[in-house]
Amino acid sequence: MTLYDRIQETAAYIKSRTSATPLVGIILGSGLGDLTDMTEKELEIPYSEIPHFPVSTVIGHSGKMVFGKIGGKSVVLMSGRFHYYEGYDMQMVTFPVRVMKALGVETLVVSNAAGGMNKTFTIGDLMIITDHINLFPEHPLRGPNDERLGTRFPDMSHTYDEALRNKAKEIAASRGIELKEGVYTGLQGPTFETPAEYRWLHIIGGDAVGMSTVPEVIVARHGGMRVFAMSVITDIGISDVPVTITHEEVLEAAQTAAPKMAAIVADLIAGL
Ligand code: HPA
């Protein structure tokens, strides 16, 4: 079965369970679940019930698609994302974005936890992603291109929607929340970077580094969606002495910053 047919089958299954027509799709990063709590939930579908979704044994916990409203707008939210380092191929990692598009989603909002390389950043900062550098070893669009899903050679010059970024900055200013901006570098992980790698990532133009987001954003742009993405800076990779990083510290920093991010994203969606 072709990718296109799998997408259609999955979308048809979801449509058989809900008449919701979400225009906004949201993918939440580690520790950033606050937006799920802010959603007026209408339906939750566990990934295990969705045809062609990866089985959850590898994820370790049960992910689900959540349908509901934020600020009066119909949204679909992925609670739990698929990372490349877990062993999924790029088509699997990005499949939910394809399904969202097939459901009618026009705007994709993505968040993540990331390490900071910009010296002006501190732990807990929120960074609007202005651009990215794709350092994943596999490209999500590799292989035969299905023109029904998008063009063979997508333009990437306006990947992170400027109007949405400006709106987010206005919202943050009115709420007294400080926002940083920068370039996200996406690597496969699961190791955090060595001190030399953080330095290199900074030299090539990166302000933050993480293990997600880039594949989903590429597929969203392939499908012609508008994209808004934000990182929580959970650790600082550049320093005079090497700093150790643990997943627990990343989660803790993300959880602390999550309410600020949720507030900005909720206002952004309400204003769409
Ligand atoms: N590197 C890669 N991924 C991350 C980091 C990091 O420092 N922090 C949170 N996710």
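Everything quoted here is computed from the prediction, not taken from an experiment.

*Asks:* Break down the overall build of the chain for me, with residues and values.
*Replies:* The secondary structure content of the chain amounts to 7 helices and 9 strands. A globule of 272 residues ought to have a C-alpha radius of gyration of about 19 Å, and the chain, at 18 Å, matches this closely. Along the first, second and third principal axes, the C-alpha atoms of the chain reach 55 × 40 × 35 Å. Carbon and sulfur atoms form 52% of the exposed surface of the chain, whose accessible area is close to 12,000 Å². Charged side chains of the chain number 23 positive and 32 negative; the gap between the two group centres comes to 5 Å.

*Asks:* Residues and numbers for unusual backbone geometry, please.
*Replies:* In most cases, non-glycine residues show a negative phi, while peptide bonds are predominantly trans. For the bond running from G189 to P190, omega is 0°, close enough to zero to count as cis. Counting through the fold element by element, P190 comes out in the loop between β7 (179–186) and α5 (195–203). Even without a glycine there, the phi angle at H52 is positive, about 70°. Here H52 shows up in the loop between β2 (40–46) and β3 (64–70). We classify H52 as partly exposed; its relative accessible area is 27%. Although it is not a glycine, T213 sits at a positive phi angle of roughly 65°. Counting through the fold element by element, T213 comes out in the loop between β8 (208–210) and α6 (214–222).

*Asks:* So what about helix α7 (residues 247–270)? Which residues, and what values?
*Replies:* Here α7 spans 32 Å end to end across 24 residues, near enough to the 34 Å set by a 1.5 Å rise per residue. At A257, α7 shows its largest kink, close to 45°, and the proline P259 lies no more than four residues downstream.

*Asks:* I'd like a description of the pairing of strand β4 (residues 73–79), backed by residues and values.
*Replies:* Across the 7 residues that make up β4, a large majority, 5, are buried. Here strand β1 (residues 24–27) runs beside β4; their pairing, made up of 4 bridges, is parallel. Counted as the bridge partner of I27 is M78 from β4. As defined by bridge partners, β3 adjoins β4 across 7 bridges and the pair is classed as antiparallel. Among the inter-strand pairings, F67 is bridged to a residue of β4, identified as V76. Two successive antiparallel strands, β3 and β4, enclose a turn made up of 2 residues, where G71 displays a positive phi of approximately 55°.

*Asks:* Describe in detail the site of the ligand, supporting the description with residues and values.
*Replies:* Taken together, A113, A114, G115, F192, E193, Y198, V209, G210, M211, T234, D235 and V250 make up all the residues around the ligand. At a separation of 3.3 Å, a nitrogen atom of the ligand approaches a polar backbone atom of A113. At 2.7 Å from an oxygen atom of the ligand is found a side-chain nitrogen or oxygen belonging to D235. Here the ligand loses 96% of its free accessible area of 260 Å² to cover by the protein chains. Of all the secondary-structure elements, those providing two or more residues to the shell around the ligand are β5 (107–116), β8 and β9 (226–236).

*Asks:* Tell me about the side chain of R6, and name the residues and values.
*Replies:* Position of R6 relative to the elements: it lies in helix α1 (residues 3–17). There is a polar contact of 3.2 Å between the side chain of R6 and the side chain of Q91. Those residues in contact with R6, other than ones at most four positions away along the chain, are M1, H52, Q91 and F95.

*Asks:* Explain the packing of aromatic side chains to me, using residue names and the numbers behind them.
*Replies:* Within the structure shown, the criterion is met by 6 aromatic pairs. Centre to centre, the rings of Y47 and F82 are 5.2 Å apart; their planes meet at 45°, and the pair counts as tilted. Residue Y47 is located in the loop between β2 and β3, and its partner F82 is located in the loop between β4 and α3 (90–102); the two are separated by 35 residues in the primary sequence. F82 carries the same exposure label as Y47, and that label is buried. Measuring from ring centre to ring centre gives 6.2 Å for Y84 and F136, while their planes differ by 90°; the resulting arrangement is edge-to-face. Of this pair, Y84 sits in the loop between β4 and α3 while F136 sits in the loop between β6 (126–134) and α4 (162–175), and the two are 52 residues apart along the sequence. We note that Y84, like F136, is buried. Three or more aromatic residues link up through ring pairs in this structure, and these residues are Y47, F53, F82, Y88 and F95. Sitting over the ring of Y4, R148 keeps its end group 3.8 Å from the ring centre.

*Asks:* Quick one: what's the story with the nonpolar core, residue by residue and with numbers?
*Replies:* The biggest cluster of nonpolar side chains holds 46 residues, and the ones touching the most others in it are I14, F53, M65, F67, M78, M100 and L108. Ranked by residues supplied to this core, first place goes to α3 with 6 residues. With residues near it in sequence (within four places) discarded, F67 still touches I14, T18, A20, P22, E40, K41, E42, L43, I45, V75, V76 and L103. Counting residues in each nonpolar core, the second largest holds 31 residues, with L32, L35, A172 and L268 among its members.

Cut-offs and rules
Residues numbered from 1 in each chain as written. Predicted model: local features only at pLDDT ≥ 70, side-chain atom pairs only at ≥ 80, totals over all residues. Heavy atoms only, no water. Helix = DSSP H or I, 4+ residues; strand = E, 2+ residues; numbered from the N terminus. Rg over C-alpha atoms; globule rule 2.2 N^0.38 Å. Areas by Shrake-Rupley, 256 points an atom, 1.4 Å probe, with all protein chains shown as cover. Lys, Arg positive; Asp, Glu negative; His and termini not counted. Charge placed at Lys NZ, Arg CZ, Asp CG, Glu CD. Buried < 20%, exposed > 50% of the residue type's maximum accessible area, 1.4 Å probe, protein only. Expected span 1.5 Å × (residues − 1). Bend = angle between axes of the 7 residues up to and from the residue. Pairing = 2+ DSSP bridges. Near = heavy atom within 4 Å. Polar contact = N/O pair within 3.5 Å; in protein donor to acceptor, adjacent residues only side chain to side chain. Contact = heavy atoms within 4.5 Å. Phe/Tyr/Trp six-rings, centres within 6.5 Å; stacked < 30°, edge-to-face > 60°. Lys NZ or Arg CZ within 6 Å of the ring centre and 35° of its normal. Core = buried A, V, L, I, M, F, W, Y, C linked by side-chain atoms within 4.5 Å.

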